[in-house]
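So you can see what is in the structure, the chains are spelled out below.
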Amino acid sequence: MKFLCSFINIHNSNSKTNLNVMEDEVKRQIPQNWSEQLINFEAFIEYIQKEIKPYSIKNNGNIEVESSFIEDFNNHLLKLKSNTTNFLNSINETTSKFNTFFLQQINLLTNSSIKAEEKVTAARSLKNIQSILYLTFFKFAVLLDKFDNASGLSFGDSLLNYIIRQYSVFNAETSEKIDSATRSVKYSDDSENENDNSRNYEMNILSTTESYSNILKQIFAILQEYKVNVRDFQIFKSGQNDVSVSLILDINFQFIEMYNKINEIINTNNGSISVRALGNKTLLVKNEKGESNEDKVSYKNYVATLINKEKLDSEFLNHWFQFLSDNKIIIKSVKRLNRATEPNIRVMDVFLDIPNEADIAQLKKQIFELTSTYKTDIALQVDDVYRKNKRLIVFDMDSTLIQQEVIDEIARHAGVVKEVSAITASAMNGEINFQESLARRVALLKGLSVNIFEEIKKVITFTPGAHKLCKTLKNLGYKLAVCSGGFVPLANYIKNELGLDFAYANNLAISEDGTQLEGKTYGPIVDGSRKAELLGAISQLEHLIPEQTIAVGDGANDLLMMSKAGLGVAFNAKPRVQEQAPTRINQPSLDNVLYLLGYTDEEISTILKY
């Protein structure tokens, strides 16, 4: 929970709605006696409105002068002081009770004497407590922000930090204690029931006849006869007469005569049938001769997105399919993503079954070599429901959303390009860390006019596809953020230009007269760790899980953020970064990210209409 301190800077018009949704979800899952221990923030908000706001130091004309202005003003401030003291004492008393109760629950649930059969229940309870702590912290941030606005005072941030220090339920040690107790627990209802005879199987049928509709009718009649539940099915047509049908079924292998009947229909129509168990079972294949073989191979669904600016040429495809064959990877289907009206196929999804025992890290190394040799991007992902159900994307700024490195542009205006470049090279070689590198480079900017940012805005060039990508994702309901090692004025400019929801960057200190840079920063430094923390913080605010997030960047300080996201993308990055990144895009346009989400050009055009 150490990232929570960074959360106080997040302001979003939907935060109240998201917190209410989160609170309703938490309350549905916890015991009544726990609900009774939750802090009543609504009562505090009501107190602020009735007893704090009328005595705000902002005044707003609400001091009624009855005798003398000075006397009435003093009475006004005394009332604010008295009511604020009552407010703070009440928070302290309520939070102390909350802290005591939930610390007691945590200690009970993490006790080493808990029996093995009780650990799953304990772990679920601990996860609920973790949700309660997140919720309480976020609501404190909102409450104290309201207090500051109503009172005209500005100590909400300090009070929030005091709460973290004073009450141990909010500190990192408690969070780690909960994580340790829940990390190794396997939930029984998530595991597979090995004694259940009714299982999910995938039946694939290949037909080479025009009458495949008639074949389907006969097959479904047989499935109905044996009371087989059809969970899903898809049809792929790869030629005029070649049709592949895939069915997901609940069946039992005791119904062997059912297979014989289906196989007889397939044989009559010169087709083939294969049946594969889903969930780490056996593979049973029957061809048109009715021969069977068993091969104890289990698979997981993946999708590989292939992207080339011009076309996927035959030389590359030959080596790609050879790679799949060498690694015993099954091709289930392919889907063209670029427009059908284009003369060449240059982007496509290849849906794959990869053996569970395959070394995915090793496969990705081989893919990286293919990518480097043929200048064609290959992004391998798990093919699951979250591929198209992501809802947050976090960008780096320099050389990602824009084509420049901001510090270099400022250095160019300041006439210190060589000095800044030398420091940057030292950091790239690992001789100094990012924070020291930033401090040294910023020191060279001392004395520059603050108007430098207006000059830089004039030369900023947005990366091709940045506007299209952001607009498409906004239309899909995404939240968008920029987390930059650059500087706040330019990050806010990028946020406004692209319609982003959040912007985080480094703050440059300015002289007292507000005219010059002082050559130093203040506040948290946005480095690699900070970017990853902000990704997690925004995810919590938006009530998202990691699988619903995307991180895009080009530098080494983006790698941690990429590794935490559901989809991490290195965009035109240096080779060392690309090699470590989960996926990569080496194309001029940033909107290629949409292909990784499985969208076709036609679908993207439809989304952009609204």
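On a predicted model such as this, the values are computed, not experimentally measured, just so you know.

Okay, the sheet that holds strand β9 (residues 347–355) next. Taken in spatial order, the 4 strands line up as β8-β9-β7-β10 in an open sheet, and their pairing is antiparallel. A single partner strand is all that each edge strand has here, and the edge strands are β8 (330–336) and β10 (377–382). Geometrically, the sheet is characterised by an average inter-axis angle of 20° between neighbouring strands, direction not taken into account. The pairing of strand β7 (residues 299–307) with β9 spans 9 bridges and is classified as antiparallel. The residue of β9 that forms the bridge with Tyr 299 is Pro 355. Lying on the sheet, helix α10 (residues 314–326) is in contact with β7, β8, β9 and β10; it crosses β9 at an angle near 20°. The strands touched by helix α11 (residues 360–374) within the sheet are β7, β9 and β10, with β10 carrying the most contacts at an inclination of about 160°.

Our focus in this paragraph is the side chain of Asp 396. In this fold, Asp 396 is placed in the loop between β11 (392–395) and α12 (406–414). Residue classification places Asp 396 among the buried positions, given a relative accessible area of 6%. A distance of 3.0 Å separates a polar atom in the side chain of Asp 396 from a polar atom in the side chain of Lys 531. Discounting residues that sit within four places of it in the chain, Asp 396 has contacts with Leu 401, Val 482, Cys 483, Ser 484, Lys 531, Val 552, Gly 553, Asp 554 and Asp 558.

This next bit is on the sheet that holds strand β13 (residues 502–510). Reading across from one edge, β14-β13-β12-β11-β15-β16-β17 is the order of the 7 strands in this open sheet, with mixed pairing throughout. Of all the strands in the sheet, just β14 (517–522) and β17 (583–585) have a single pairing partner and so form its edges. Each strand of the sheet is rotated relative to its neighbour by a mean of 25°, with strand direction disregarded. Inspection of the sheet shows strand β15 (residues 549–553) paired to strand β16 (residues 567–571) by 4 bridges, in the parallel sense. Following the sheet pairing, Ala 551 is matched in β16 by Gly 568.

This paragraph deals with the packing of aromatic side chains. Summed over all chains, the structure comprises 10 aromatic pairs. Their ring planes at 55° and their centres at 4.8 Å tell us that Phe 98 and Phe 102 sit as a pair that is tilted. Pair noted here: Phe 98 and Phe 102 are both in helix α4 (residues 69–109), with a separation of 4 residues, about one helical turn. A single burial state applies to Phe 98 and to Phe 102, both of which are buried. Three or more aromatic residues link up through ring pairs in this structure, and these residues are Trp 34, Phe 98, Phe 101 and Phe 102.

So, about the environment of Arg 576. Along the chain, the position of Arg 576 falls in helix α20 (residues 575–580). Accessibility expressed as a relative area gives 51% for Arg 576, which makes it exposed. In this structure, the C-alpha to C-alpha distance between Arg 576 and Gly 555, residues 21 residues apart in sequence, is 9.4 Å.

The phi angle at Lys 328 is positive, at roughly 55°, despite the residue not being glycine. Relative to the helices and strands, Lys 328 resides in the loop between α10 and β8. Overall, Lys 328 belongs to the exposed group, its relative accessible area being 63%.

What follows concerns the pairing of β14. As defined by bridge partners, β13 adjoins β14 across 3 bridges and the pair is classed as antiparallel. If you follow Asn 507 over to β14, its bridge partner there is Tyr 522. Joining the antiparallel neighbours β13 and β14 is a turn of 6 residues, in which Gly 514 adopts a positive phi near 70°.

With that out of the way, let us pick up the pairing of β13. Inspection of the sheet shows strand β12 (residues 479–487) paired to β13 by 4 bridges, in the parallel sense. What sits directly across from Ala 481, in β13, is Phe 502. As for the winding sense of the linkage, the β-α-β connection from β12 through helix α17 (residues 488–498) to β13 is right-handed.

Glancing now at the pattern of salt bridges. When the charged atoms of two side chains lie near each other, side chains of opposite charge can form a pair. All told, the structure shown has 15 salt bridges when counted by the stated rule. Counted as one network, the salt bridges with shared partners bring together Glu 342, Arg 346 and Asp 601.

In this section: the confidence of the model for the protein chain. Confidence in the prediction for the protein chain averages 80 pLDDT; 78% of positions are at 70 or higher. Note on residues 1–18: pLDDT is under 50 here. Beyond four places in sequence and across chains, it has 47 contacts.

The next point concerns the environment of Ile 423. With respect to the secondary-structure elements, Ile 423 resides in helix α13 (residues 417–428). Residues Ile 423 and Ser 437, spaced 14 residues apart in sequence, show a C-alpha to C-alpha distance of 6.2 Å. Every residue in contact with Ile 423, bar those within four places of it in the chain, is listed here: Ile 432, Ser 437, Arg 440, Arg 441 and Leu 444.

Together, Phe 69, Ile 70 and Phe 73 make up a nonpolar patch on the protein surface, roughly 310 Å² of accessible area in all. As for its placement among the helices and strands, Ile 70 is situated in helix α4. A relative accessible area of 61% means that Ile 70 is categorised as exposed.

Among the nonpolar cores identified, the biggest contains 56 residues, and Ile 393, Phe 395, Leu 401, Ile 410, Phe 487, Ile 494 and Leu 590 are the most heavily contacted of them. Apart from the residues within four sequence positions on either side, Leu 401 is in contact with Phe 395, Asp 396, Phe 462, Thr 463, Ala 466, Val 482, Ile 494, Leu 498, Leu 500 and Leu 590.

Helix α15 (residues 452–459) packs onto α12 with a crossing angle of 115° between their chain directions and a minimal axis gap of 10 Å. Judged by the sense of rotation from one axis to the other, the crossing of α12 with α15 is right-handed. Residue-level inspection shows Glu 409, Ile 410 and His 413 of α12 in contact with α15, the latter providing Ile 452, Phe 453, Glu 455, Ile 456 and Val 459. Among the residues making up the contact of α12 with α15, the classes are represented as 5 nonpolar, 1 polar and 2 charged.

Among the structural elements, Gln 587 can be located in the loop between β17 and α21 (593–596). Accessibility expressed as a relative area gives 5% for Gln 587, which makes it buried. Side-chain polar atoms of Gln 587 contact the backbone oxygen of Ile 307, separated by 3.4 Å. One polar contact links the side chain of Gln 587 to the main-chain amide nitrogen of Lys 309, over a distance of 3.4 Å. Setting aside anything within four residues of it in sequence, one finds Gln 587 in contact with Ile 307, Asn 308, Lys 309, Asp 377, Phe 571, Asn 572 and Asn 592.

The rules behind these values
Residues numbered from 1 in each chain as written. Predicted model: local features only at pLDDT ≥ 70, side-chain atom pairs only at ≥ 80, totals over all residues. Heavy atoms only, no water. Pairing = 2+ DSSP bridges. Helix = DSSP H or I, 4+ residues; strand = E, 2+ residues; numbered from the N terminus. Axes fitted to C-alpha atoms, helices over the stretch in contact; angles between N-to-C directions. Contact = heavy atoms within 4.5 Å. Buried < 20%, exposed > 50% of the residue type's maximum accessible area, 1.4 Å probe, protein only. Polar contact = N/O pair within 3.5 Å; in protein donor to acceptor, adjacent residues only side chain to side chain. Phe/Tyr/Trp six-rings, centres within 6.5 Å; stacked < 30°, edge-to-face > 60°. Right-handed = clockwise from strand over helix to strand, strands pointing away. Salt bridge = Lys/Arg side-chain N within 4 Å of Asp/Glu carboxyl O. pLDDT = per-residue confidence, 0-100. Patch = residues over 30% accessible without salt bridge, like charges linked within 9 Å, V, L, I, M, F, W, Y side chains within 5 Å. Areas by Shrake-Rupley, 256 points an atom, 1.4 Å probe, with all protein chains shown as cover. Core = buried A, V, L, I, M, F, W, Y, C linked by side-chain atoms within 4.5 Å. Left-handed = near helix turned anticlockwise from the far one by under 90°. Nonpolar A, V, L, I, M, F, W, Y, C, P; charged D, E, K, R; others polar.

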